[in-house]
Structures are given as structure tokens and as C-alpha cells.
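Survey of secondary and tertiary structure
Here is how the chains run, residue by residue.
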Amino acid sequence: MKAFKIKTPVRYIINTVLVALLWTVLTLFISGAGLKGEYYRGILITIGINIILATSLNVVCGYLGQLPLGHAGFMAVGAYAGAIFMKSTPAAQLLRAGNNAAVIPYIIIAVIISALVAGVFGLLIGIPALRLKGDYLAIITLGFGEIIRVVITNIDSVLGFKFTYGASGLARIPKFTSLNVIFVFTAVCLFLIHVFMKSRHGRAVLSIRDNEIAAESVGINTTFYKTTAFVFSAMLAGVAGCLYAGYIGSLYPSTFKFMKSIEILVMVVLGGMGSMLGSVISAVVLTALPEVLRSFSDYRMVVYSLALVLMMLFRPKGLMGTYDFSMGNSIEKIVARIRARKKAKEAKAADEAKEAKEVKS
Amino acid sequence: MTFSLLIAQLINGLQTGSVYALVALGYSMVYGIIKLLNFAHGDIIMVGAYMVYYAIASFALPPIVAIVMAVAVSTLLGVFVEKVAYTPLRSAPRLSLLITAIGVSFLLENGAQLVFGADQKSMDPLITGSVMLGSVNVSYVALVTIAVSVVIMILLTLMVNKTKAGKAMRAVSEDMGAAQLMGISLNRTISMTFAIGSALAGIGSVLYLCAYTQASPTMGSMLGIKAFVAAVLGGIGSIPGAMIGGFTIGVLEALVAAAGFSMWKDAAVFLVLIIVLLFKPTGFLGRKIQEKV
Amino acid sequence: MSNVLRCEHLGVVFGGLAAVSDFNIEVNENEIVGLIGPNGAGKTTVFNLLTGVYVPTSGVITLCDKDLAGMSTVARSHEGIARTFQNIRLFKDMSVIDNVMNSFNPRMHYSIAEAMLRLPRYWKEEKKARARALELLHVFNMERYAKENAGNLPYGSQRRLEIIRALATNPKLLLLDEPAAGMNPAETENLMETIGRIRDQFHIAVLLIEHDMSLVMGICEKITVLNFGQVIAQGTPEDIQKNPVVIEAYLGKKRD
């Protein structure tokens, strides 16, 4: 019999149903949790933001094979851009009045602005940085990230008016990031990464990771794809930053230190560089765990760093390696295994019947 | 700005620069030999500084003992980290090694925060007093720091060029495989490189403490990064380069601060790094490496 | 038969040493030309010059009468030069079929936006690419490996995949760098047949670096011999085998 293959349109339907199911489960969970609901909601929102951060970094780390250390800088740029925009809109009043639906267009514009601004920075930084490799790329992106932070902290004195409010913090940002907002944007970001990678463009990026010289020799425009992956990653980080601003309500440059970039890197590395599922699991576990184990949070960074070192020593490919999850593929495999088992059973029964016959005669 | 003020700032810069140079030397040597950016290097300074602090403040040991302890602990820590975290990954992809180094660095910083507390520890300055050079008031600390760094650089250059051990180090950094075939013990040479680099970091930590009299868990990270910029500026893998780079960065920071932009100090250093990496990645004195196709 | 590759007085100097000097060669369509010589003679250097990895210090390279001076490796690939590497450079963590489909990239047109929105052009081009890739794999009996990771293939199949990947770029000139390295006689026979099939089915020009003389003599129509970066002989396999200069280069001078 022919192999059981799920056709692509069906796969899309399966995935959409699963996503809708997940949303239903989460929403019911929150509303059913009573007083603790608010607390869980906060954790879920943070998880969503971290998922976007980790999977976007994974695009350059896992899929392109580079090690940029300035991801927090793009998050910062997106955060401030989105925040400054939202503060200039009537969103705050609308939210206070309970008119959530009217805020949606503003949110969409804010996210787009954040993505574009972060993307521009990604382009400006990527063009020079991507000429370098390995350690040098790591250090130069670290440098850019730090410069962004210092500029955000000090730019008001240069401009002569209050723009980012520097170290004293940008406050009273409308808190537009609800669970629904985060769920939608997380799903959209994951979808965008997925469809990008499952295309000729994604193949090109992976080929550059595996062997840049060979990629050039088959005509892949490596400069274009490296820059594209980098800018794409930066844009998504900007989106995460914008949603972060809308959740916390105030921004401080110290949030976006080098340390933040490392936290995101840890998620990607532990989950498996090159596996979106790995980054997602990692983000969920590493965000939820410190909350679940309150006393753990003191030791959080120590355990992180230890985990990082141990993972590199014993399982450098991370938890999931380069495994990319597909519901459709998993179902196909399960069906194939069931059929194989059935076939083996039938074959065994046939053999036994034959034996019994021979014994009889 | 008056001339004497400028000189004072320059001396300031040379002083910080000397510490950067000592740390940069360690970075440069390690990178030259195993092509690893040892992120944890800066944090070794932090540990050394805490050793000095506790030796003097808690155990009231004489300064000279404290200094020896600091250098010894730094050296041992450096070699320990190398043996435990880096040696097993010698044939692993560079990315893994880099991530491990980052992990070790964070482990040291956060571990120190747990053990020593996140606050800054102050202590009395080890060397006090100053001397008048012309119209400028130069502290003894500054003179000692600069002098020690220069002497060490000279000794190190002599060691690398004239001794058998130094030759081994140069051989391993050129071609690991060939060096092994020549009978050079890879492990011993690499460990020695780490030992020397970490010892220098230990000395650097003492000098740093003399100047700033404060220790905190994160003091090593920014210092380390800037020292790395210095190493790149001077040409990674080059000893005189690390010196030149260190002094340049130190003076640059001093001048930026003197010009009234001290909040932009860090950004200025990173800007220099970016410019160097883009236009002359081999730095002042470094060599270019070609990839074989 | 039309000319595909022509090199005239090609040379490159590294740090004062001429790695290749006064290199001349002609390779025509449907021809398999061999490039042989002792180790270090400069053969791979020639390939690197042809593909734009090194910039020549003298001489001209033309592909179908187009001067390649100043063109990058990527641009030359688009012009029609494909190569395999001495040390296999496959995309090890990608599937075999992705390795092949990736080579179609420059000739596929759907944009990133069209990919993300899954517009019709994406589906059409992907389907075509997939079918073409399977076709190519089928020609070389590698269809069954389509979903395997390239890094998991046996050595001989990896070498074959490198060739298929190069062919997928639709080249006019195929440069094979020691394709038989590490192969036993049976695999080498197989390879000879493969290369012959390539010449017959794809109508391209092949320039082959090889140390395995049975392969070279058995399949090449013309041979160029390099020593110390210079051409010491050119001709048919029979001519080369009898040429005293060539024999001396490989075996050294006869001692009386």
C-alpha cells in the first residue's frame, strides 16, 4: 500500500485547529484560576515575549549559524519606538474606558513601527557586522548593543528635549499587551519564521550555515541572505520589545544590558540551535521555572550559566538539536508505525497458520 | 583645558590603560593559541580583587601576601577553567567554545554575587602618596601601575622570543598539528598560556584595586570587554600590540571624560572597536589569516 | 563543438611565489579534459582562479567568450561555472533533496513576501523544483536518499551528491576536484560511468583534477599536465603517457 501522506492544505487545517485549541485552553485556564489568574496571565505574557525573542534569535544563531550578542539592542529599539508612538495616541484613554477593540489598530501600527525601526537598525548594524565571522561578529554586535543602550540613556541631553527619558525611565506607557494580543503576535511570528524557512530562502540560509563557501559556489547570494536573516531577526526582536513595553508600562535602558542578550542566547542554545520547537520549549521552561520555584530565582543565573557550560560539554546540539517539529509529519510517522506493526502482526499470524498446517499434515 | 590638566588626564589614561594592557595580554595570548575569546578572562580579575580584599580586610594579612595570593588564585582559577571547560571542547566548533566561555564568565559573576554579595566592597588604598612632576601631581599608584605593566611586557616579549617555552607557544599558535608532531606537549603549552594570562590578570586586579579601591561582582565584565577591544585594536596575538591597544583605549577614555562626555565613555570605546574591526580587523600589529579552500 | 572555457597566460603570485604561471587551456562543450600533476603543482589553485576565489595577477579567463575578470564566485556561478571540492563541502545538516533544490535558487523567482504569504507562485515553483530535483537524483540512482541528511550518506554517495548539486546549477562548465579521492576500484568504475553519463546527457564541458590515472586516462579526451604551477605538457592520454617530461615530473630524473 502507498505511504500515508498528509496533503499540505490538510496540514494547514490541522495546525490552525491546534492553535485555536491552545488559545481556548489557555483562556479557560486563566479565567478559571480566580485570583491567581492575573499572576498566571503575567507569566503567559512574559512567556510569549520570550518565545518571540528566542525564536527570532534562533534565526541568526541556529539557522544562519552566527552568534550575535546584541539582540537586546533590537528589543530596546523596538520597545522605545513602540512606546513613544503609543504614548502619542489616545490608546491610554481608550484602555481606561474599557474600549479594547478601538486600541487594536493602534497596536498594529505600533508593532509595525517597532518592527521597521528595529529592522533599520538591523540593516545598519548587519551590513558592517556580517562582513566578520565568528568571534569578531559576536564582539561587534555586543559593541553595537551596548552603544544602543548608552545612546538611549544619554540621548535626551543631546537632543535637548525629553525623548527616551534615559535612565529615569520612560513611564506611563499604555498597557496594551493583553493575553490575546500576545497570543496572536506570538503565533504570527512563529508562522512567519516557519514559512520563511520552508522556502528557497530558508534553504539558502541553512546552506550558508552549513558551508558558506559551497553556498557561494552554487550561486547563493550570501551577502543578501545573511543580511536578510539578520534584519528579519532584528524586526521580530523589535516586535517583542514593543509588546514588552505594552506589558510592563515603563522602560529603563538597564533592562536591555548585555546580560539580557545572554539570557536570550541561553534559551536558544539550551533548546537547540536550529530548532524552533527547542527555542519555544526553552523559553517556556526558563520563564516559568523561576516563578514556579520561587527560592530558585536567587540561583537562577548561576544555574543558567552552569546549564550553559554543561550543555556545551555534554550535549552541544542542545535539547532538540536541529529538529524541527511538524504536526503533519508526526501524524504520518505514527500512522506509518501503526501500519508497520499491523503488517508484522499479520505476517506473524500467517506464519503461525502455516506452521499449524504443516504440523497437521 | 590647561596643559597640566591635559597631562594629568593623559597619565590617568595611561594608568587605566596599563591595567587594560595587562588584561589584553592575557586575552591576546589565549586567542593566539586556541582561537578562543575567553569571555571569562575579565572575571578572573574580579576574583583576584576579591582575594586581595578579603585577605586584607577580613584576615588582616600583610599586603604582599595578599598580592601573592591574588595572583596565585587567579592563575589557578584560569588553569582550572581551561582544564574543565575548554579542553574537552578543543575539537568542537568554535561557536560551542565561545558559548562555554560566556557561560563560565556568567557563572563566575553570578557565583561571586551569591557568595560575596552584590554590593561593592571598599578598602583602604594600598599605595598612597604622590609626587610632583613639573606642574602635575602624579600619584605613586599611577607610576607603579605604568611601570609594572611596561616591565611585564618586556619580560613577556623576552620570554616568548627567547625561551623554549615561548617558542612552543608560538609554534602551537601557528599550527597546532605540526607543533604536536614536533613533540611539543599541546596540553602543557596551552595550560601555561592560560596560567601566564591569568597571572597577568591577577596582577592587573591588584593594580586596579590600588587605583579604584573597590570590588564588585560585575567589575570584571566591562573591564574585560574593554581590554578585549584593546587587544583587537593592537592586533590580536601580538604582545606589543596588546600594550599599545591598552594604552590607546585608556587614554581615549580619559580624553573623552576630560572633554566632558564621560557618560559616553563606553560608547566611545565600542565605536573604536567597530571602526577597527571594519577597516583594519588585524589591528595595529596583527597578522592576516587565510582560509583554505 | 563550441568553446566553453579558455584561459590565456593565467597566473597568480602569492607573496612573491608564482603558484601558477602562464597557464593556457581550452575546454569545449561535451569534452572531458583532465588536469593532472604532482601534489602542490597548482591544480586546485587553478580551480580557485576559475571560480573567483583567487584574483589572478595576470592572464585572462573567458567562459563562452565572456571575460570573467572582476566577477565574484557567486556571479561566476550564475554565468555557468560549477565545482566540487577536494574535501567534500556538502550541506551536512540539510536533506539530500534540499541540497539539490538549493542550487535552483538563483533561477527561482518568488520573493520573500510571496513565500511568507504562500502565494501561488511559491507553490508552482516549489513543485517544479522538487520534481526536477527528484529527476536529477533519479538519474544518479540517489532517489531513495532524498529525505536523508546529507551528512549521513556513505562516502561515495556524498561525492556523487556534490556532483549532482553542482549539476543542479545548470552549468556550462563543471569543475571536478579529485572526485575519486578515497574510492576503491569498483566505486571509481562507477564514477567513470557517472561522468560519462554527465557528458552525454547534460552537454557540458568538464575539467577534471585527478590523481587516479585509470580514471584520467580512461575518460579524458585531452589532458593538461601541471608542475610547479606551469604547464609542462598537453595532449591526448596516449601522448601524455609517453611524454618524457611528464614521466620525469612524476618519477624524477633517471639516474644513470
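Residues numbered from 1 in each chain as written. Chains lettered and ligands numbered in written order. Predicted model: local features only at pLDDT ≥ 70, side-chain atom pairs only at ≥ 80, totals over all residues.

**So, the overall build of chain A**
Helix and strand counts for chain A come out as 14 helices and 0 strands. From first element to last, N terminus to C terminus, chain A shows the α and β order α-α-α-α-α-α-α-α-α-α-α-α-α-α. Seen through its C-alpha atoms, chain A measures out along the principal axes to roughly 105 × 55 × 40 Å. Across the 361 residues in chain A, those meeting the buried criterion constitute 47%. (Helix = DSSP H or I, 4+ residues; strand = E, 2+ residues; numbered from the N terminus. Buried ≥ 20, exposed ≤ 12 C-beta atoms within 10 Å, placed from the backbone.)

**Remarks on the overall build of chain C**
Regarding its fold elements, chain C presents 10 helices and 10 strands. Against the 2.2 N^0.38 benchmark of 18 Å for 256 residues, chain C shows a C-alpha radius of gyration of 19 Å, consistent with a compact globule. Based on the C-alpha atoms only, the size of chain C along its principal axes is roughly 75 × 40 × 35 Å. For chain C, the residues scored as buried account for 42% of the 256 residues in total. Long-range contacts, defined as pairs at least 24 residues apart, comprise 68% of the intrachain contacts of chain C with a sequence gap of at least 6. (Rg over C-alpha atoms; globule rule 2.2 N^0.38 Å. Contact = placed C-beta atoms within 7 Å.)

**A look at the packing of helix H3 (residues 71-87) of chain A against helix H10 (residues 222-248) of chain A**
Residues and elements named next belong to chain A. At a minimum axis distance of 6 Å, the contact between H3 and H10 shows a crossing angle of 50°. Classified by the angle their axes make, H3 and H10 are oblique. Regarding H3 and H10, the two cross each other, and that crossing is right-handed. Side by side, H3 and H10 meet where His71, Phe74, Met75, Ala76, Val77, Gly78, Ala79, Gly82, Ala83 and Met86 of the first sit next to Ala234, Ala237, Gly238, Val239, Ala240, Gly241, Cys242, Tyr244, Ala245 and Gly246 of the second. Considering only residue class, the contact of H3 with H10 consists of 14 nonpolar, 6 polar and no charged. (Axes fitted to C-alpha atoms, helices over the stretch in contact; angles between N-to-C directions. Parallel < 35°, antiparallel > 145°, perpendicular 65-115°, else oblique. Left-handed = near helix turned anticlockwise from the far one by under 90°. Nonpolar A, V, L, I, M, F, W, Y, C, P; charged D, E, K, R; others polar.)

**So, the environment of Asn170 of chain C**
Following the sequence through the fold, Asn170 of chain C ends up in the loop between helix H6 (155-167) and strand S7 (173-177). Spatially, the C-alpha atom of Asn170 of chain C lies 8.8 Å from that of Ser103 of chain C, the residues being 67 residues apart in sequence.

**Some thoughts on the packing of helix H9 (residues 219-234) of chain B against helix H10 (residues 239-261) of chain B**
Residues and elements named next belong to chain B. Taken N-terminus to C-terminus, the directions of H9 and H10 make an angle of 125°; their axes are 7 Å apart at the nearest point. By the angle class used here, H9 and H10 are oblique. Relative to H10, the crossing made by H9 is right-handed. Counted together, Lys226, Ala227, Val229, Ala230, Ala231, Leu233 and Gly234 of H9 and Gly241, Ala242, Met243, Ile244, Gly245, Gly246, Thr248 and Ile249 of H10 form the full contact between these two elements. Of the residues belonging to the contact of H9 with H10, the class tally is 9 nonpolar, 5 polar and 1 charged.

**Let's talk about the environment of Ile232 of chain C**
One can find Ile232 of chain C in strand S10 (residues 230-235). Here Ile232 of chain C is in contact with Val225, Asn227, Val245, Val246 and Ala249 of chain C, once residues within four sequence places are set aside.

**Comments concerning the sheet that holds S7 of chain C**
Residues and elements named next belong to chain C. Taking strand neighbours across the sheet as the criterion, the 6 strands line up as S6-S7-S8-S3-S9-S10 in an open arrangement whose pairing is mixed. The open sheet has two edge strands with one neighbour each: strand S6 (81-83) and S10. When the angles between neighbouring strand axes are averaged without regard to direction, this sheet yields 20°. Sheet analysis places strand S3 (residues 32-36) next to strand S8 (residues 205-209), joined by 4 bridges and oriented parallel. (Pairing = 2+ DSSP bridges.)

**With respect to helix H1 (residues 8-32) of chain A**
Residue and element names in this part refer to chain A. With 25 residues, H1 should cover 36 Å at 1.5 Å per step; its first-to-last C-alpha distance of 36 Å lies within 8% of that length. Burial runs low along H1: only 0 of the 25 residues are buried. One or two positions beyond H1, positive phi appears at Gly34, with a value near 60°. (Expected span 1.5 Å × (residues − 1).)

**Regarding the confidence of the model for chain A**
If pLDDT is low for a region, its predicted coordinates should not be looked at in detail. Averaged over all residues, the pLDDT of chain A is 87; the fraction at 70 or higher stands at 96%. Across chain A, the element-wise mean pLDDT spans from 79 in helix H13 (residues 296-314) of chain A up to 96 in H10 of chain A. (pLDDT = per-residue confidence, 0-100.)

**Regarding the interface of chain A and chain B**
On the chain B side, the residues contacting the 29 residues of chain A number 32 residues. Of all the secondary-structure elements, those providing two or more residues to the side of chain A that touches chain B are helix H6 (134-159), helix H11 (258-271) and H13 of chain A. Element by element, the count of residues in the side of chain A that touches chain B is highest for H6 of chain A, at 13 residues. Each residue belonging to the side of chain A that touches chain B can be placed in one class, and the counts come to 23 nonpolar, 4 polar and 2 charged.

**Here we look at the sheet that holds strand S1 (residues 3-14) of chain C**
Residue and element names in this part refer to chain C. The strand order across the open sheet built from 4 strands is S2-S1-S4-S5, with neighbouring strands paired in antiparallel fashion. Each edge of the open sheet carries a strand with a single partner, namely strand S2 (17-28) and strand S5 (66-67). Pairing of S1 with strand S4 (residues 58-63) involves 5 bridges; the strand directions are antiparallel. Bridge pairing in S4 links Leu5 to Leu63. Where helix H1 (residues 43-51) meets the sheet, it contacts S1, S2 and S4, and its direction lies at approximately 70° from that of S2.

**Points about the pairing of S8 of chain C**
Residue and element names in this part refer to chain C. Of all the 5 residues making up S8, 5 are buried; the element is thus mostly covered by neighbouring parts of the structure. Burial along S8 is two-sided: Ala205, Leu207 and Ile209 and Val206 and Leu208, pointing in opposite directions, are all buried. Pairing of S7 with S8, which is carried by 5 bridges, proceeds in the parallel orientation. Each residue of the ladder has a partner; that of Asp177, found in S8, is Ile209. With respect to chirality, the unit in which S7 leads through helix H7 (residues 185-202) into the neighbouring parallel S8 is right-handed. (Right-handed = clockwise from strand over helix to strand, strands pointing away.)

**With respect to the nonpolar core**
Counting residues in each nonpolar core, the largest one holds 278 residues, and the members touching the most others are Val239 of chain A, Val52 and Leu273 of chain B together with Leu173 of chain C. For this core, the leading source of residues is H10 of chain A, giving 16 residues. Both domains that furnish three or more residues to this core are identified here as domain 1 (1-80 + 171-256) and domain 2 (92-168) of chain C. Setting aside its immediate chain neighbours within four residues, Val239 of chain A contacts Ile52, Gly78, Val111, Ser114, Ala115, Phe185 and Cys189 of chain A. (Core = buried A, V, L, I, M, F, W, Y, C linked by C-beta atoms within 7 Å. Domains from an automatic or database assignment.)

**Quick look at the domain arrangement of chain C**
All names here are of chain C. As assigned here, chain C comprises domain 1 (1-80 + 171-256) and domain 2 (92-168). Between the C-alpha centres of domain 1 and domain 2 the distance comes to 28 Å. Contacts between the two partners involve 12 residues from domain 1 and, on the opposite side, 10 residues from domain 2. Counting only elements with at least two residues in the side of domain 1 that touches domain 2, the list comes to S7 and H7. By residue class, the composition of the side of domain 1 that touches domain 2 is 7 nonpolar, 4 polar and 1 charged.

**Overview of the confidence of the model for chain C**
For chain C, the mean per-residue pLDDT works out to 91, and 98% of the residues sit at or above 70. Scored as a complex, the prediction yields pTM 0.88 and ipTM 0.90.

**What about the environment of Phe183 of chain A?**
All names here are of chain A. Inspection of the secondary structure puts Phe183 in helix H7 (residues 179-197). Between the C-alpha atom of Phe183 and that of Leu243, which follows or precedes it by 60 residues, the distance is 11 Å. Among all residues touching Phe183, those that are not within four sequence positions of it are Trp23 and Gly48.

**Quick notes on unusual backbone geometry**
Here Arg172 of chain A, not a glycine, exhibits a phi torsion of approximately 60°, which is positive. Looking at where Arg172 of chain A falls in the secondary structure, it is placed in the loop between H6 and H7. Non-glycine residue His203 of chain C carries a positive phi angle of around 50°. Assignment of secondary structure puts His203 of chain C in the loop between H7 and S8. What makes His203 of chain C exposed here is the crowd of 10 C-beta atoms within 10 Å.

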